[in-house]
Amino acid sequence: MNYRRLGKTGLQVSVVGFGGIPIQRIDASSAEKIVNRAIELGINFFDTARGYTDSEEKLGAVLKKNREQMIIATKSMSRYRKGMAEDIDKSLKTMGVDYIDLYQMHNVKDKAAIEQVLDEDGALAALKEAKEKGKIGHIGVTGHIKDVLLEIMQNEEIETVQFPFNPVETEGALKLFEMAEKVDCGVIAMKPMAGGALTNAKLSLRFILEHPVTVAIPGVDVLEQVEENAAVGSVARSLSIPEREELTRIVAKLGARFCRRCEYCLPCQQGIDIPSVFLFDGYYTRYGLEDWAKERYQALGVNPSECLECGECEERCPYNLPIREMLKDAAERLG
Ligand code: SF4
Ligand code: SF4
């Protein structure tokens, strides 16, 4: 495994890390096996969140026994001092440790959120206090909106920045890389598989690691994925010419109008499972699994035809997707 310095934190992290979202879907003993295998393969950076149901708990079960081999990063959506202080304590308790390596402000997405977290009663104050007390080692920020991140990462307390970066989500990344270098922030690439829209982990990870990214954090819930990801992180080389050509073909086919499955559009007041509709539509249009996609779509329960066109989901989508129009297109194909 290759390692890079995580900006001014000084931590040496594996170039391929471990995203803690998918382990929510599997049982505790399967999660433990996968995390242990990741450690064996040299992966040392594990990312989770207060909001990922039992992900902190599952990672914590392994963390307690392997504290020296694991760098643990978690995050909280709390914007205020009190809430963030409480969440830090909850994370420590849930994971059964007395120290968290990196604590991030989760999804800081607009100017109002920046003002809230930087206020004297804001989340950053609690993070600084926790750092002084030795409860956390470093402070980071995560988000999807590049301009917002560009602004907040200039705060000297911010040591890492986490944002989506992959072969189909490169917009604005150059400026973030430049800023990260200037202020010596570690760069964590979330959604390396574009929320499931990309399926070739080898090509995606190799592409990401050609850039000034410190660590990419693919989410995993099966052993083979950990092994495949770790194999990419163990070889320091760029994409070959045929690999780059293949990736170019994949990216062209996908286009820009696709759902990253971040779920920020939810909840829909009609109960429409928007990301699942788009997931099944993607299987229909991109992978030719037409019957499979139709069957699952029809089992969803709430049909997109029940959409009231309120537009709330579109206001929340960080990728400005025309969700209402896309739902209609999907319904035509799958309904
Ligand atoms: S526009 Fe339709 S899909 Fe979006 S939140 Fe409103 S009802 Fe739900
Ligand atoms: S529609 Fe937008 S907000 Fe909803 S899951 Fe997809 S990318 Fe995320």
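Anything mentioned here points back to the structure above.
In short, a report on the structure. (Residues numbered from 1 in each chain as written. Chains lettered and ligands numbered in written order. Predicted model: local features only at pLDDT ≥ 70, side-chain atom pairs only at ≥ 80, totals over all residues. Heavy atoms only, no water.)

**Observations regarding the overall build of the protein chain**
Check the secondary structure of the protein chain and you find 14 helices and ten strands. Projecting the C-alpha coordinates of the protein chain onto the three principal axes gives extents of approximately 55 × 45 × 40 Å. Within the span of the protein chain, comprising 335 residues, buried residues form 51% of the whole. Restricting the contact set of the protein chain to residue pairs at least 6 apart, pairs at least 24 apart contribute 74%. With the model as given, the accessible surface of the protein chain reaches about 15,200 Å², and the carbon-plus-sulfur share is 48%. Here the protein chain carries 43 positive and 52 negative side-chain charges, and the mean point of each set is 2 Å from the other. (Helix = DSSP H or I, 4+ residues; strand = E, 2+ residues; numbered from the N terminus. Buried < 20%, exposed > 50% of the residue type's maximum accessible area, 1.4 Å probe, protein only. Contact = heavy atoms within 4.5 Å. Areas by Shrake-Rupley, 256 points an atom, 1.4 Å probe, with all protein chains shown as cover. Lys, Arg positive; Asp, Glu negative; His and termini not counted. Charge placed at Lys NZ, Arg CZ, Asp CG, Glu CD.)

**Remarks on empty space enclosed by the protein**
Counted according to the given criterion, the structure contains two cavities of 30 Å³ or more. A volume near 110 Å³ is recorded for the largest cavity. What lines the largest cavity is a set of 15 residues, and nearest its centre among them are Cys268, Gln269, Cys307, Cys310 and Cys313. Element by element, the count of residues in the lining of the largest cavity is highest for helix α13 (residues 312–316), at three residues. Split into classes, the residues belonging to the lining of the largest cavity amount to nine nonpolar, three polar and three charged. There is about 80 Å³ of room inside the second largest cavity. Of the residues belonging to the lining of the second largest cavity, the class tally is eleven nonpolar, no polar and three charged. (1 Å grid on protein atoms, 1.4 Å probe; cavity = no way out; pocket = protein on both sides within 12 Å on 5 of 7 lines; lining within 4 Å. Points joined across faces, edges and corners; volume = space filled by probe spheres on them. Nonpolar A, V, L, I, M, F, W, Y, C, P; charged D, E, K, R; others polar.)

**Observations regarding helix α1 (residues 28–40)**
Between its first and last C-alpha, α1 extends 18 Å over 13 residues, near the 18 Å set by a 1.5 Å rise per residue. Of the surrounding secondary structure, the elements contacted by the buried residues of α1 are β3 (18–19), β4 (45–47), α2 (55–63) and α9 (223–234). Positive phi appears at Gly42, one or two residues downstream of α1, with a value of about 95 degrees. (Expected span 1.5 Å × (residues − 1).)

**Let's talk about the packing of aromatic side chains**
The geometry of two aromatic rings is summed up by the distance between their centres and the angle between their planes. Taken as a whole, this structure holds four aromatic pairs when the rule is applied. Taken together, a centroid distance of 5.3 Å and an interplanar angle of 35 degrees make the contact between Phe18 and Phe46 tilted. Of the two residues, Phe18 is situated in strand β3 and Phe46 in strand β4; the sequence distance between them amounts to 28 residues. Overall, the relative accessible area of 0% leaves Phe46 in the buried class. The ring of Phe258 carries Arg260 above its face, with NZ or CZ at 4.0 Å from the centroid. The cationic tip of Arg260 hangs over the ring face of Tyr319; the distance from NZ or CZ to the ring centre is 4.3 Å. (Phe/Tyr/Trp six-rings, centres within 6.5 Å; stacked < 30°, edge-to-face > 60°. Lys NZ or Arg CZ within 6 Å of the ring centre and 35° of its normal.)

**Section: helix α4 (residues 111–118)**
Restricting attention to buried positions, one finds in α4 the residues Ala113, Ile114 and Val117. Buried residues along α4 cover an arc of 105 degrees about the axis, so they all sit on one side. Exposed and facing more than 90 degrees away from the buried side of α4 are Lys111 and Glu115. Buried residues in α4 make contact with β6 (100–105), α5 (123–132) and α6 (146–152). (Arc of directions from axis to C-beta.)

**Some details on the site of ligand 1**
Taken together, Cys268, Gln270, Ile274, Cys307, Leu308, Glu309, Cys310, Gly311, Cys313, Arg324 and Leu327 are the residues near ligand 1. The residue inventory of the shell around ligand 1, partitioned by class, reads seven nonpolar, two polar and two charged. (Near = heavy atom within 4 Å.)

**Considerations on the side chain of Asp221**
Its location among the elements puts Asp221 in the loop between β10 (215–216) and α9. Residue classification places Asp221 among the buried residues on the basis of a relative accessible area of 17%. The residues contacting Asp221, other than those within four sequence positions of it, are Pro22, Arg25, Ile26 and Ile34.

**As for the nonpolar core**
Within the largest apolar cluster, 67 residues are counted, with the highest numbers of intra-cluster contacts made by Phe18, Phe46, Met105, Leu127, Phe163 and Phe165. The residues contacting Leu127, other than those within four sequence positions of it, are Met84, Ile88, Tyr103, Met105, Ile136 and Ile139. Among the nonpolar cores identified, the runner-up in size contains 20 residues, and Cys259, Ile274, Leu321 and Ile323 belong to it. (Core = buried A, V, L, I, M, F, W, Y, C linked by side-chain atoms within 4.5 Å.)

**Description of the side chain of Ser91**
Residue placement: Ser91 occurs in helix α3 (residues 81–95). If sequence neighbours within four positions are ignored, Ser91 has contacts with Arg50, Glu56, Thr74, Ile100 and Tyr103.

**Some thoughts on the site of ligand 2**
Taken together, 14 residues surround ligand 2, and among them Cys259, Cys262, Glu263, Cys265 and Cys317 come closest. More than half of the atoms of ligand 2 fall within 2 Å of the grid points belonging to the second largest cavity. Within the shell around ligand 2, the residues separate by chemical class into eleven nonpolar, no polar and three charged. (Sits in = over half its atoms within 2 Å of the grid points.)

Spatial relationships are all this shows, so hold off on functional conclusions.
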